[in-house]
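One letter stands for each residue in the lines below.
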Amino acid sequence: MLAMLPLVLHAQEDDDTTVQKQPKNPTEQKRIQDYGLHLTAGLDLLYDDNVYRVDDRVENPKDDLIVTPSLEATYGMPVGRHDILLRGKIGYDRFVSEGQRSKLRLDTEAKANIRFGATCLITPRAAYRQQRADYGDINSATENLQKFATVGADFTCERPGLFPVASYERDTTRNAAQFDYADQTSDTFMGGVGYSKPSLGTLTAYYERVNSKRDTLGIENRINSYGLRFQRSVSPITQIDADIRWLDVNSDSAAVGGYDGLGWKVSLSTTAIPRLKLTATTERAIINDSLIASGFAIDTSYRIQGEFSISELTSAGLYAEWDRRKFRQDAALRPYSITADRNRRFGAMLTRKLSDRFDLMLDAQHYIRRTDTSVSNYSGTQVTLGAALHF
């Protein structure tokens, strides 16, 4: 999610001198920067040595260069105590050799922060995104343009002591005709009670319900989550975020079955070593929107990352990810032989700020996928060189 929009800076006259009030904290400074119109022109050059995700142990992978020019605009404005943010990004993925893969890319969002009372906030939002599907998802040499739409709202009255939280979100996913079995509409409802104390942090107990319908297959999956979320700055240099929940998942299809067990998302970050930020994250979640499974996937992932500030203008990073999915599906609805897979990804990043307006980025990563049946195994390397010009 995007950060909340800025409060207004006012100039005041004091003994014939104009004094600008300073924002109270870094979050306030970020909100102020988001006001007004901002444009960013970008160009990414991505080299992928296995664009069709074939098993490179038995086939010769096809490599290609993908050129993606893009333009992004953001506009933020205050309306009394409230804020409005609009964001839109358009790009085009141009495959130099495999031209039939070229697709238009869109990413848009509208959001408002409506404040009332002393601390209460309602945030209605809407978003739309479209992009080509990765062959690692569709496992077929055909094209799929995915379209995602979201509408929803969040509510909170965060303050010291007890406060309520609630949210609603409706997500739709649409695919090309040959992949319409994965078309999905999901409704997510959440309500809970939070407790905040400076010496403790913020603790939130909540209940969440997700209803996911796949009309083409005629089934619905339901997820009931009973969770506890904890956020705290253990020290000025260490932050912990933990979300532990009990998952109760069931489906209209008896063959898909259900799942009862723990889910979690835990992240620990520290800057105990000067100029180096270390982050470790682990998560177990239910993934409904999978182009492989007709039901859902139980996804367990781990990530470690280090970001080093070489100078004020240059930073570098390394990361490693491990991911395991177990698929619950009905072969009568969507035949597929894979019941589980493992994914690994190792990467390095380098960013350089050449000026206040111009940035360069280099990202290299190696990915490996292995399935329990050795069907649709693949691996490959991607290298991206990106440039961004800010106006």
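It should be noted that the structure appears before, not after, this text.
The rules behind these values
- Residues numbered from 1 in each chain as written.
- Predicted model: local features only at pLDDT ≥ 70, side-chain atom pairs only at ≥ 80, totals over all residues.
- Heavy atoms only, no water.
- Helix = DSSP H or I, 4+ residues; strand = E, 2+ residues; numbered from the N terminus.
- Rg over C-alpha atoms; globule rule 2.2 N^0.38 Å.
- Contact = heavy atoms within 4.5 Å.
- Areas by Shrake-Rupley, 256 points an atom, 1.4 Å probe, with all protein chains shown as cover.
- Disulfide = S-S within 2.5 Å.
- Buried < 20%, exposed > 50% of the residue type's maximum accessible area, 1.4 Å probe, protein only.
- Salt bridge = Lys/Arg side-chain N within 4 Å of Asp/Glu carboxyl O.
- Phe/Tyr/Trp six-rings, centres within 6.5 Å; stacked < 30°, edge-to-face > 60°.
- Lys NZ or Arg CZ within 6 Å of the ring centre and 35° of its normal.
- Patch = residues over 30% accessible without salt bridge, like charges linked within 9 Å, V, L, I, M, F, W, Y side chains within 5 Å.
- Lys, Arg positive; Asp, Glu negative; His and termini not counted.
- Charge placed at Lys NZ, Arg CZ, Asp CG, Glu CD.
- Core = buried A, V, L, I, M, F, W, Y, C linked by side-chain atoms within 4.5 Å.
- Polar contact = N/O pair within 3.5 Å; in protein donor to acceptor, adjacent residues only side chain to side chain.
- Pairing = 2+ DSSP bridges.

Caption draft 1: Fine view of the overall build of the protein. Counting its secondary structure elements, the protein contains 2 helices and 20 strands. Taking 391 residues into account, the globule formula puts the C-alpha radius of gyration at 21 Å, and the protein, at 23 Å, falls close to it. Across its three principal axes, the protein shows a C-alpha extent of roughly 80 × 45 × 40 Å. For the protein, contacts bridging at least 24 residues in sequence account for 52% of all contacts bridging at least 6. Carbon and sulfur atoms make up 59% of the accessible area of the protein, which totals about 20600 Å².

Caption draft 2: Up close: the state of the cysteines. All chains considered together, the criterion is met by 1 disulfide. Residue Cys120 pairs covalently with Cys157 via a disulfide, S to S 1.8 Å. An S-S torsion of about 105° defines the bridge between Cys120 and Cys157 as right-handed. Of this pair, Cys120 sits in strand β7 (residues 120-132) while Cys157 sits in the loop between β8 (145-156) and β9 (161-174), and the two are 37 residues apart along the sequence. Here Cys120 and Cys157 have matching classes, each one buried.

Caption draft 3: Quick look at the pattern of salt bridges. Overall, the coordinates contain 24 salt bridges when judged by the stated rule. Taking the shortest distance from any N to any O, the salt bridge between Arg245 and Glu208 comes out at 3.2 Å. One end of the pair, Arg245, is in strand β13 (residues 238-251); the other, Glu208, is in strand β11 (residues 201-214), with 37 residues separating them in the sequence. Glu208 matches Arg245 in its accessibility class, with the two residues each being buried. We note a salt bridge from Arg303 to Glu321, for which the minimum N-O separation is 2.1 Å. Here Arg303 is found in strand β16 (residues 296-309), whereas its partner Glu321 is found in strand β17 (residues 314-328), with 18 residues between them in sequence. Relative accessible area serves as the criterion here: at 24%, Glu321 is assigned to the partly exposed category. Taken together, the shared-partner salt bridges connect Glu72, Arg87, Asp107 and Glu109 into one network.

Caption draft 4: Quick look at the packing of aromatic side chains. In this structure the tally under the stated criterion is 6 aromatic pairs. Plain terms: the ring middles of Trp322 and Phe346 are 6.3 Å apart, the flat faces sit at 85° to each other, and that makes the pair edge-to-face. Here Trp322 is found in strand β17, whereas its partner Phe346 is found in strand β18 (residues 340-353), with 24 residues between them in sequence. Note on Trp322: relative accessible area 34%, which makes it partly exposed. The residue whose ring lies beneath Arg229 is Tyr206, and the NZ or CZ to ring-centre distance is 4.6 Å.

Caption draft 5: Main features of a positive patch on the surface. On the surface, Arg324, Lys326, Arg342 and Arg344 cluster together into a patch of positive charge. When residues of the positive patch are traced back to their parent elements, those giving at least two are β17 and β18. Along the polypeptide, Arg324 turns up in strand β17. Judged by its relative accessible area of 35%, Arg324 is partly exposed.

Caption draft 6: Looking closely at the nonpolar core. Judged by nonpolar contacts, Val210, Ile223, Leu247, Val249, Val256, Tyr259, Ile286, Phe296 and Ile298 together constitute the single largest core of 9 residues. Secondary-structure elements contributing two or more residues to this core are β13 and β16. Among all residues touching Val210, those that are not within four sequence positions of it are Asp187, Thr188, Asn221, Arg222 and Ile223.

Caption draft 7: Spotlight on the side chain of Asp64. By the secondary structure assignment, Asp64 is in strand β4 (residues 64-79). Reaching out from Asp64, the side chain makes a polar contact with the backbone nitrogen of Val96 at a distance of 3.5 Å. Separated by 2.9 Å, the side chain of Asp64 and the backbone nitrogen of Glu98 make a polar contact. The contact partners of Asp64, leaving out residues within four places of it in the chain, are Leu46, Tyr47, Asp48, Val51, Phe95, Val96, Ser97 and Glu98.

Caption draft 8: Layout of the pairing of strand β14 (residues 259-273). The sheet contact formed by β13 and β14 spans 12 bridges and is antiparallel. The residue bridging Asp241 from the neighbouring strand is Ser267, located in β14. Alignment of β14 against strand β15 (residues 276-287), held across 8 bridges, turns out to be antiparallel. When the bridges of β15 are listed, Trp264 appears paired with Arg284. Where β14 folds back on β15, the antiparallel hairpin that results is connected by 2 residues, among which Arg275 adopts a positive phi of roughly 70°.

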